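Observations on the model geometry
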Amino acid sequence: MEANDYRSEDPQKGKISGESSGLQDSPESREKTLHPYETREMEGPESMVSEPAAAYERKRLTIEEYLEWESANIDKHEYYKGEVFAMSGSKIPYNIISANLLVSLAVRLRGKSCRPFNSDQRIHIPQNTLFTYPDISVVCGDPVTLNDDKWNITNPSILAEVLSPSTRGYDRGDKFRLYRDIPTLKEYILVDSATIRIEAFRINEEGLWELVEYKNIDESLYLPTLGLHLPLIEIYEGTSFAAADNPQAASH
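Residues numbered from 1 in each chain as written. Predicted model: local features only at pLDDT ≥ 70, side-chain atom pairs only at ≥ 80, totals over all residues. Heavy atoms only, no water.

Residues His77 and Tyr79 line one face of strand 2 (residues 77-80) and the alternating positions Glu78 and Tyr80 line the opposite face, and both faces are buried. Hairpin connection, strand 2 to strand 3 (residues 83-86): the antiparallel pair is bridged by two residues, and Lys81 has positive phi, about 50 degrees. (Buried < 20%, exposed > 50% of the residue type's maximum accessible area, 1.4 Å probe, protein only. Helix = DSSP H or I, 4+ residues; strand = E, 2+ residues; numbered from the N terminus. Pairing = 2+ DSSP bridges.)

As structure tokens, then:
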């Protein structure tokens, strides 16, 4: 386990050291921002991802139009400042890890005040307009939703994303900057789906974000908000690289 100080001058929205300045406010700058679901070739075929939703021919939507359209759509779409982006499918290791993490949390939180949600749960950030579907969300206390609609949660305490080749840059960068606008967010967890590596971002006692990394299958991910330790061998159970790193993971 490695701890790094990722201090930010602004504890909620500040720049994390080593990262670019992120999303800009002007429409011209937003058009230049690469969203993970845009089709654009970057460093080989693994970086090819799906085209933004074309139902409105790139017309900017209001939030009300997006929610109406999304409720009638089979596929999931992310919304940001009027633009709608189709969310692509995922590979087996990604799905295994997501399921493992959800089950680990659900078992330990049963009967408690905090509850985990899977990727069907939409999260909304009123401060920047984002609507998205994190791989795992944890809400402590009663969920607060947009206009009490029971659909769009606005008060997650923990968000977790499983990284894929097409979204790892977005999840670490622009998406994290958007997530930091959530006043209730205390932890942001990134779980690699290609190797054993977990990045746990937490707000410390000074109100600043810091990073702790886990790279050993024998370690446990600590979630201070929940007071839980989740063994990495449990999170990565069923993946080929976990079994190669520790043979007990194959039959654990």
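A separate point is empty space enclosed by the protein. Scanning all chains against the criterion turns up one cavity of 30 Å³ or more. Quantified by volume, the largest cavity comes out at close to 60 Å³. If you trace the largest cavity, you find it lined by Leu101, Leu105, Ile136, Ser137, Val138, Ile158, Leu159, Ala160, Ile189, Leu221 and Leu223. Within the residue set of the lining of the largest cavity, elements represented by two or more residues are helix 3 (92-109), strand 7 (136-140), strand 9 (158-163) and strand 13 (220-223). Taken together, the residues of the lining of the largest cavity sort by class into ten nonpolar, one polar and no charged. (1 Å grid on protein atoms, 1.4 Å probe; cavity = no way out; pocket = protein on both sides within 12 Å on 5 of 7 lines; lining within 4 Å. Points joined across faces, edges and corners; volume = space filled by probe spheres on them. Nonpolar A, V, L, I, M, F, W, Y, C, P; charged D, E, K, R; others polar.)

Pairs can form between side chains of opposite charge whenever their charged atoms are close. One pass over the structure, following the stated rule, counts eleven salt bridges. A salt bridge links Lys150 to Asp148; the shortest N-O distance between them is 3.1 Å. When sorted by exposure, Lys150 lands in the same class as Asp148, which is exposed. Taking the shortest distance from any N to any O, the salt bridge between Arg197 and Glu213 comes out at 2.7 Å. One end of the pair, Arg197, is in the loop between strand 10 (187-192) and strand 11 (198-203); the other, Glu213, is in strand 12 (residues 209-214), and 16 residues separate them in sequence. Within this structure, Arg172, Arg197, Glu199 and Glu213 form a network of salt bridges that share partners. (Salt bridge = Lys/Arg side-chain N within 4 Å of Asp/Glu carboxyl O.)

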